[in-house]
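Architecture at a glance
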Amino acid sequence: AAAYLVYLRFVAPRRRLQDPVVRPLRDLDYETLQTMVQDIPLWVKYPDYERIDWMNKFICDMWPFLDKAMCKIIRGVAKPICDQYVGKYGIESIEFGNLTLGALPPTLQGIKVYEMREKELVIEPVIRWASIANVTVDVKVHSFKLSAQLLDLHVMLTPRVTLKPLVPSFPCFASLCVSLMEKPHVDFGLKLLGGDVMAIPGLYRFIQEQISKQIAILYHWPKVIEVPILDGASGATKKPVGVLNVKVIRAMNLPKMDLLGKSDPYVKLRLSGERLPSKKTSVKMSNLNPEWNEHFRLVVKDPETQVLELQMFDWEKV
């Protein structure tokens, strides 16, 4: 461990940002131009990609507020997950030291729109984000403070976004489908105890390839992430007629699902025929007789055919 810390502190080269050398294209030789082709915006190379500078200007003006809003959401989502480990393995606290996505917003380097005869709209934006994000997580273990820092996040994505089916009800599409057309490029710096972990020989390339590989396995075309917006074509014509109030009180004598513990139950509830995400109760850790006493409101569109569906699951980290 001592040798590892000495290596990170004194031997491993530090990652530093350098200003690029700017020269006119006419002054570059053929080999240099060949290496730069992949960095040229697609609207320069392909006539079917359009520039959207107005959108980049809008994102740039809104970014200070978007940064704070997204960081607030990240803190809210991460806090209950981190709290589950407090008190275990000698962990006393897990907190964010710094959390900012940086002053540089993502940039749309071009967009392609497909004209489809079907009731759908397909767009392919090209997203580049060279952020100066700075995320620090402080973990206190047995009164000893450990810190991990994520910084200089670089992301390059080419997603395909499909809005379908198009319907005459706001927001005029029932679902949003997203898939990646190319393998993503993700680059970042990671420091542990002040040392640059990515400077370890071979580790940087391995982590970068593994992250790109796992993202591609989950989201690379033809695999699609579908986000329901409306409840299909029926939701576009049927209007809400009422609200069903549901109170999830308790469960008793649940089976033991964990190998070394009890169960971590939670309940999902929805109305049949709905494509919206199910509502969920909180997770009761290590409890076979949980009590929730939580209230939910479900919008009813067809009280004669819709049925309340309740499902119970055992929460797992993975």
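Residues numbered from 1 in each chain as written. Predicted model: local features only at pLDDT ≥ 70, side-chain atom pairs only at ≥ 80, totals over all residues. Heavy atoms only, no water.

Labelled according to an unreviewed UniProt entry, the protein appears under the name C2 domain-containing protein, originating from Aegilops tauschii subsp. strangulata. Under the UniProt heading Subcellular location (unreviewed entry), the entry covering the protein gives this text: "Membrane". Per UniProt, the comment on the protein under Sequence similarities (unreviewed entry) is "Belongs to the synaptotagmin family." (UniProt positions renumbered as here; feature names shortened; annotations may be inferred.)

What about the overall build of the protein?
Helix and strand counts for the protein come out as six helices and 15 strands. A globule of 318 residues ought to have a C-alpha radius of gyration of about 20 Å, yet the protein, at 25 Å, is considerably larger. When its C-alpha atoms are laid out on the principal axes, the protein stretches across 75 × 60 × 35 Å. Counting the 318 residues in the protein, one finds 29% classified as buried. Across the protein, the fraction of contacts at a sequence separation of at least 24, relative to all contacts at a separation of at least 6, is 68%. Just so you have it, the protein exposes about 21500 Å², and 61% of that area is on carbon and sulfur atoms. Computing the positive centroid from 42 side-chain charges and the negative centroid from 35, the protein places the two 4 Å apart. (Helix = DSSP H or I, 4+ residues; strand = E, 2+ residues; numbered from the N terminus. Rg over C-alpha atoms; globule rule 2.2 N^0.38 Å. Buried < 20%, exposed > 50% of the residue type's maximum accessible area, 1.4 Å probe, protein only. Contact = heavy atoms within 4.5 Å. Areas by Shrake-Rupley, 256 points an atom, 1.4 Å probe, with all protein chains shown as cover. Lys, Arg positive; Asp, Glu negative; His and termini not counted. Charge placed at Lys NZ, Arg CZ, Asp CG, Glu CD.)

Thoughts on the environment of glutamine 84
Within the element layout of this structure, glutamine 84 appears in the loop between helix H4 (53-83) and strand S1 (91-100). For the pair formed by glutamine 84 and glutamate 31, sequence separation is 53 residues and the distance between their alpha carbons is 54 Å.

Here we look at unusual backbone geometry
For the bond running from lysine 164 to proline 165, omega is -20°, close enough to zero to count as cis. Inspection of the secondary structure assignment puts proline 165 in strand S6 (residues 159-166). With an omega of 15°, the peptide bond running from tryptophan 221 to proline 222 counts as cis. Tracing the sequence through the fold places proline 222 in the loop between helix H5 (203-219) and strand S10 (225-228). At aspartate 152, a residue that is not glycine, the phi angle is positive and equals roughly 55°. By relative accessible area, which is 14% here, aspartate 152 ends up buried. One non-glycine residue, cysteine 172, lies in positive phi territory at about 75°. Mapping cysteine 172 onto the fold places it in the loop between S6 and strand S7 (173-180). Take cysteine 172: its relative accessible area is 40%, and that puts it in the partly exposed class.

A look at the sheet that holds strand S13 (residues 279-280)
As summarised here, the arrangement of the three strands in space is S13-S12-S15, forming an open sheet in which the pairing is antiparallel. Edge positions in the open sheet fall to S13 and strand S15 (308-314), since each of these has one partner strand only. Where strand S12 (residues 265-271) lies against S13, two bridges are found, and the strand directions are antiparallel. Paired with lysine 268 across the bridge in S13 is lysine 280. (Pairing = 2+ DSSP bridges.)

What about the pairing of strand S4 (residues 134-141)?
By the bridge criterion, seven bridges tie S1 to S4 in an arrangement that is antiparallel. Residue leucine 99 lies in a different strand from S4, and its bridge partner there is valine 135. Sheet analysis places S4 next to strand S5 (residues 144-157), joined by eight bridges and oriented antiparallel. Residue pairing in the sheet places aspartate 138 in a bridge with serine 147 of S5. Following S4, the chain reverses through two residues before pairing antiparallel with S5; histidine 142 in that reversal takes a positive phi of roughly 50°.

Regarding the domain arrangement of the protein
According to the domain assignment, the protein contains domain 1 (26-228) and domain 2 (242-314). Its C-alpha centre places domain 1 at a distance of 33 Å from the equivalent point of domain 2. (Domains from an automatic or database assignment.)

Structural notes on the environment of aspartate 29
Relative to the elements of secondary structure, aspartate 29 occurs in the loop between helix H1 (2-11) and helix H2 (30-36). Sequence separation between aspartate 29 and valine 241 is 212 residues; the distance between their C-alpha atoms is 69 Å.

Here's the deal with the nonpolar core
Side chains of nonpolar character tend, in soluble globular proteins, to be buried together. Judged by nonpolar contacts, Trp63, Cys71, Leu99, Leu101, Trp129, Ala133, Val135, Leu153, Val155, Val186, Phe188 and Met198 together constitute the single largest core of 12 residues. Looking at this core, the elements with two or more residues in it are H4, S5 and strand S8 (185-192). Aside from chain neighbours lying at most four places away, what touches leucine 153 is Trp129, Ala130, Ser131, Ala133, Val186, Asp187 and Phe188. Counting residues in hydrophobic clusters, the runner-up holds 11 residues, among them Val246, Leu254, Leu271 and Phe296. (Core = buried A, V, L, I, M, F, W, Y, C linked by side-chain atoms within 4.5 Å.)

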